[in-house]
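The chain contents come next:
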Amino acid sequence: MAETGTAPRQSIGFLLLYALASAGGAMAYVPFLTIWLPGRMTQLAGPADVQTLGYVTFFGAIAASVGGIGFGWLSDITGNRRGWVLTGLVLTIALLLAVPLAHDLWMLVAVIFAWQLALNMMLGPLAAWAGDLVPDKQKGLLGGLLAFSPALGAWSGALVTWPGLVSAEGRLGVIALLVATAVLPVLLFGRPRSFADLTAPPPARVAGDRAPRPTGPAVRMWLARLLVQIAEAALFAYLYFWFRSIDPNMHDNEKARLFGLALTLAVPIALASGRWADRTDRPFFPLVVSAAVSGTGMIGMALATTSDVAKANYLVFGIATTVFLSLHASQTLRILPRSDRRGRDLGIFNLTNTVPSLIMPWLTISLVPGFGFDALFLLLAALTGIAVILLATMPRPR
């Protein structure tokens, strides 16, 4: 299973197929939620499209939270990650293609709710599968490869909206084809090596002992990701309006290209940082650095008064945040307390992706109208600073 004198490692072929499958999740939701759904909402709701989209986002976040925990836990119980991923993929595509059949708002909300459940039926067990198969010595590399997910999600959005390439009616079909092409190879052709120590059950508890509580590192990692995700969610939702306040003449295409550039440049940086973490056995140091750089970028955005300075600082923020989130996703796998409840615990970690959508609007409403975006960015930088402290003071893994 490994060369003499070296620690056992997962095959690079499987890691590449797994990273492609993970990117398939981003291909499923990025172009659908950011491009197709808002347009459809305008058709159905007219002037009330923004408010109605808020309802869809709210109920979708609930479905994603429940689905991530529930299906991750079910994959723990059954021990069949691959089967759940395949079932979730089939249902995700079927519901994606069924969305145009919803001709009123509440039917659309119901279909989106079911689609979010199906998507997390695929993504929850898929995330836990990596914990079953990727040794700690390769988790940095895995995190670097996961940086392709947001980039490919953005690129797929650009593909389906390319002028003259795909009709508006055919976009969902192309999205479904991209998702299937990304996820199926690891299910059909992935031949991962198994590692007994990664799936060994925890020691049996003596009668009368209390159930183990979440470990300190797990709580710190959860809180750190939540704080950074709040900043990321705020920038994702309000980036358009902030750039408009800096430069009213900035074209929408330039904003989109800047967003895609940040995601693309993050890939080689995440790969290099992850490999460095593996070689030096310092898994959390790149998280500390990337979170600190992210906060620095937000401070620069708060102080920016010209378009060029604003764009440069956004690139710093966007690249560093993407690197942080990618590496965090893989390093989380090493600190989860129970291998037999890995899917459930990752579902709880997934709350850091959904809860910010509920927190971020209130922060924005409270600060931006009276104090401007600079106050919001300074607050978000402070939250990211807390994440830096949480990670920098975390005990070194044994």
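Residues numbered from 1 in each chain as written. Predicted model: local features only at pLDDT ≥ 70, side-chain atom pairs only at ≥ 80, totals over all residues. Heavy atoms only, no water.

J.: Please set out the overall build of the protein chain residue by residue, giving values where relevant.
T.: Counting its regular elements, the protein chain contains 16 helices and 0 strands. Here the protein chain has a C-alpha radius of gyration of 21 Å; the compact-globule value for 398 residues is 21 Å, and the two agree. Along the first, second and third principal axes, the C-alpha atoms of the protein chain reach 60 × 45 × 45 Å. Burial status across the protein chain gives 49% buried among its 398 residues. Across the protein chain, the fraction of contacts at a sequence separation of at least 24, relative to all contacts at a separation of at least 6, is 83%. Here the protein chain displays about 18,200 Å² of accessible surface, and carbon together with sulfur accounts for 67% of that area. For the protein chain, the distance from the average site of its 28 positive side-chain charges to the average site of its 19 negative ones is 8 Å. (Helix = DSSP H or I, 4+ residues; strand = E, 2+ residues; numbered from the N terminus. Rg over C-alpha atoms; globule rule 2.2 N^0.38 Å. Buried < 20%, exposed > 50% of the residue type's maximum accessible area, 1.4 Å probe, protein only. Contact = heavy atoms within 4.5 Å. Areas by Shrake-Rupley, 256 points an atom, 1.4 Å probe, with all protein chains shown as cover. Lys, Arg positive; Asp, Glu negative; His and termini not counted. Charge placed at Lys NZ, Arg CZ, Asp CG, Glu CD.)

J.: Could you give me a rundown of the packing of aromatic side chains, with the residues and numbers involved?
T.: As enumerated under the stated definition, the model contains 10 aromatic pairs in all. A ring pair is formed by Phe-71 and Trp-84, whose centres lie 5.8 Å apart and whose planes are at 50°; its orientation type is tilted. With Phe-71 in helix H2 (residues 49-78) and Trp-84 in helix H3 (residues 81-98), the pair connects residues that are 13 residues apart, well separated along the chain. Taking relative accessible area as the criterion, Phe-71 reaches 16% and is therefore assigned buried. Here a set of aromatic residues connected by ring pairs shows up, and it is made of Trp-242, Phe-243, Tyr-314, Phe-317, Phe-373 and Phe-377. (Phe/Tyr/Trp six-rings, centres within 6.5 Å; stacked < 30°, edge-to-face > 60°.)

J.: So what's going on with the confidence of the model for the protein chain? Residues and values would help.
T.: This prediction gives the protein chain a mean pLDDT of 86; 92% of its residues lie at or above 70. Within the model, pLDDT remains below 50 along residues 1-5, and this stretch shows 7 contacts once partners closer than five positions in the same chain are excluded. (pLDDT = per-residue confidence, 0-100.)

J.: Can you explain helix H13 (residues 342-349)? Please cite residues and give values.
T.: Extensive coverage of H13 is indicated by the burial of 6 of its 8 residues. Arg-342, Gly-343, Asp-345, Leu-346, Gly-347 and Phe-349 are the residues of H13 that are buried.

J.: Go over a nonpolar patch on the surface, please, and point to the residues and values.
T.: Among the surface-exposed residues, Phe-58, Ile-62, Val-66, Phe-113, Leu-358 and Ile-359 lie close enough to one another that they form a single nonpolar patch of about 460 Å² accessible area. Looking at the nonpolar patch, the elements that each hand over two or more residues are H2 and helix H15 (356-371). In this structure, Ile-359 sits in helix H15. Looking at Ile-359, the relative accessible area reads 32%, which means it is partly exposed. (Patch = residues over 30% accessible without salt bridge, like charges linked within 9 Å, V, L, I, M, F, W, Y side chains within 5 Å. Salt bridge = Lys/Arg side-chain N within 4 Å of Asp/Glu carboxyl O.)

J.: Now, about unusual backbone geometry: what can you tell me, with residues and values included?
T.: Phi is positive for Asp-281, which is not a glycine, with a value near 55°. Here Asp-281 lies in the loop between helix H10 (252-280) and helix H11 (285-303).

J.: Which residues make up the packing of helix H1 (residues 12-45) against helix H4 (residues 105-133), and what values do they have?
T.: In the contact formed by H1 and H4, the axes pass within 11 Å of each other and the chain directions differ by 165°. Between H1 and H4, the interaxial angle falls into the category roughly antiparallel. Remark: the crossing between H1 and H4 carries left-handed chirality. Grouping the constituent residues of the contact of H1 with H4 by class yields 23 nonpolar, 3 polar and 1 charged. (Axes fitted to C-alpha atoms, helices over the stretch in contact; angles between N-to-C directions. Parallel < 35°, antiparallel > 145°, perpendicular 65-115°, else oblique. Left-handed = near helix turned anticlockwise from the far one by under 90°. Nonpolar A, V, L, I, M, F, W, Y, C, P; charged D, E, K, R; others polar.)

J.: Which residues make up the pattern of salt bridges, and what values go with them?
T.: On inspection of all chains with the given rule, the structure shows 9 salt bridges. The salt bridge partner of Lys-311 is Asp-308, with a shortest N-O separation of 3.9 Å. Here Lys-311 pairs with Asp-308, and both are found in helix H12 (residues 307-331), just 3 residues apart, close to one helical turn. The exposure class of Lys-311 is buried, given its relative accessible area of 18%. By relative accessible area, Asp-308 is classed as exposed at 58%. Where salt bridges share partners, they join Asp-76, Arg-81, Asp-132 and Arg-342 into one cluster.

J.: With reference to specific residues and values, describe the environment of Arg-279.
T.: Secondary-structure assignment places Arg-279 in helix H10. Taking the C-alpha atoms as reference, Arg-279 lies 10.0 Å from Leu-141; in sequence the two are 138 residues apart.

J.: Talk me through the side chain of Ser-326; I want residue IDs and the actual numbers.
T.: Relative to the elements of secondary structure, Ser-326 occurs in helix H12. Among all residues touching Ser-326, those that are not within four sequence positions of it are Gly-143, Leu-146 and Ala-147.

J.: I'd love a proper account of the packing of helix H5 (residues 139-146) against helix H6 (residues 148-160), names of residues and values included.
T.: Where H5 meets H6, the axes come as close as 5 Å, and the angle between the chain directions of the two elements is 10°. Relative to H6, the element H5 lies roughly parallel. Mapping the contact onto sequence places Gly-144, Leu-145 and Leu-146 in H5 and Phe-148, Ser-149 and Pro-150 in H6. Of the residues contributing to the contact of H5 with H6, the split by class is 4 nonpolar, 2 polar and no charged.

J.: Describe the nonpolar core, listing the residues and the values that go with them.
T.: Counting residues in each nonpolar core, the largest one holds 107 residues, and the members touching the most others are Trp-242, Tyr-314, Phe-377 and Leu-380. Sorting elements by how many residues they give to this core places helix H9 (residues 216-246) first, with 14 residues. For Phe-377, the residues in contact, after removing those within four places along its chain, are Leu-235, Trp-242, Met-298, Met-301 and Ala-302. (Core = buried A, V, L, I, M, F, W, Y, C linked by side-chain atoms within 4.5 Å.)

J.: Residues and numbers for H6, please.
T.: Along its 13 residues, H6 runs 18 Å from first to last C-alpha, staying within 8% of the 18 Å computed at 1.5 Å per residue. Taken residue by residue, H6 has Ser-149, Ala-151, Leu-152, Gly-153, Ala-154, Ser-156, Gly-157 and Val-160 as its buried positions. (Expected span 1.5 Å × (residues − 1).)

J.: Lay out the environment of Leu-223 in plain terms, naming residues and giving numbers.
T.: Checked against the element boundaries, Leu-223 lands in helix H9. By relative accessible area, which is 35% here, Leu-223 ends up partly exposed. Residues Leu-223 and Thr-352 lie 129 residues apart in sequence; the distance between their C-alpha atoms is 8.0 Å.

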